[in-house]
Structure formats: C-alpha cells, structure tokens
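Fold and geometry: a report
Listed here are the chains, written in short residue letters.
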Amino acid sequence: MSDAVSQIDATWATAPRAPKDGRRGRAGTHGKYSNYREYRFYFAVIFVLALPLAVCRWVGTAILSREPPSSGPVAMAWRQAHCIAPMIFSA
C-alpha cells in the first residue's frame, strides 16, 4: 500500500502548480501556470473515466493470476491520467 501512495505522491508532485502571487488563470496571463485549472480539470475527468476500467483490469488480473497485482486500481487509474493529461496539452 505504501508503494502505491508514494507513487501517487511522486506523480502529483510533477503536475503543474499555481503561482504564489495569485495569478490563477486570469485572462491575459500567459506562461507555465496559465492553464493550471484546465490541466487539473482534464486530469480529474480522465482519472474518473479511467477508474472503472482500472478496477475491471485489476479484478481480471487478480482472477487470472490468482493473486492481487502489485498496485491497486486507484494507482493504475492515476498513472493513466498522468500519462494522458499531458498529451492533451502537448497537442
């Protein structure tokens, strides 16, 4: 369980952060943090959509191999969202 938590903490640490000066996505601000809320929104949507699929995959793997996978379904969905969300912004 601690591996999954540490992995989630590590992936969350690489997500874009809002600036400290209060410029959270206002019109006219450009740069690294201007799309912070939009990134988090897409990340959350992808995570919610990936979670049921990750649960099905986790259950299927557990049934076929007769032992639970090393990471849980939440960690699987988190990894998928962390991979897919940056692809949306790089396009």
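Above this text you will find the structure in question.
1. Some details on the overall build of the protein chain
- When you go through the protein chain residue by residue, the secondary structure sums to 3 helices and 0 strands.
- Secondary structure elements in the protein chain, listed N-terminal to C-terminal, are α-α-α.
- The buried share of the protein chain, reckoned over its 91 residues, is 25%.
- With an accessible surface of roughly 6500 Å², the protein chain has 63% of that area assigned to carbon and sulfur atoms.

2. Some details on unusual backbone geometry
- Even without a glycine there, the phi angle at Arg66 is positive, about 60°.
- Locating Arg66 in the fold gives a position in the loop between helix 2 (36-65) and helix 3 (73-90).
- Accessibility expressed as a relative area gives 77% for Arg66, which makes it exposed.

3. Examining the packing of helix 2 against helix 3
- Between helix 2 and helix 3, the shortest axis-to-axis distance is 7 Å and the interhelical angle comes to 140°. Relative to helix 3, helix 2 is oriented oblique. Remark: the crossing between helix 2 and helix 3 carries right-handed chirality.
- Split into classes, the residues belonging to the contact of helix 2 with helix 3 amount to 21 nonpolar, 2 polar and 2 charged.

4. Points about the side chain of Ser71
- Positionally, Ser71 belongs in the loop between helix 2 and helix 3.
- The contact partners of Ser71, leaving out residues within four places of it in the chain, are Trp58, Met76 and Arg79.

5. Considerations on helix 2
- The terminal C-alpha atoms of helix 2 lie 40 Å apart, and with 30 residues this matches the ideal 44 Å at 1.5 Å per residue to within 8%.
- Taking the largest bend as the criterion, helix 2 deviates by roughly 30°, centred on Leu51, and proline Pro52 comes between one and four positions later.
- Tyr36, Tyr39, Arg40, Phe43, Ile46, Phe47, Ala50 and Ala54 are the residues of helix 2 that are buried.
- A positive phi of about 60° marks Arg66, the residue just after helix 2.

Rules used in this analysis
- Residues numbered from 1 in each chain as written.
- Predicted model: local features only at pLDDT ≥ 70, side-chain atom pairs only at ≥ 80, totals over all residues.
- Heavy atoms only, no water.
- Helix = DSSP H or I, 4+ residues; strand = E, 2+ residues; numbered from the N terminus.
- Buried < 20%, exposed > 50% of the residue type's maximum accessible area, 1.4 Å probe, protein only.
- Areas by Shrake-Rupley, 256 points an atom, 1.4 Å probe, with all protein chains shown as cover.
- Axes fitted to C-alpha atoms, helices over the stretch in contact; angles between N-to-C directions.
- Parallel < 35°, antiparallel > 145°, perpendicular 65-115°, else oblique.
- Left-handed = near helix turned anticlockwise from the far one by under 90°.
- Nonpolar A, V, L, I, M, F, W, Y, C, P; charged D, E, K, R; others polar.
- Contact = heavy atoms within 4.5 Å.
- Expected span 1.5 Å × (residues − 1).
- Bend = angle between axes of the 7 residues up to and from the residue.

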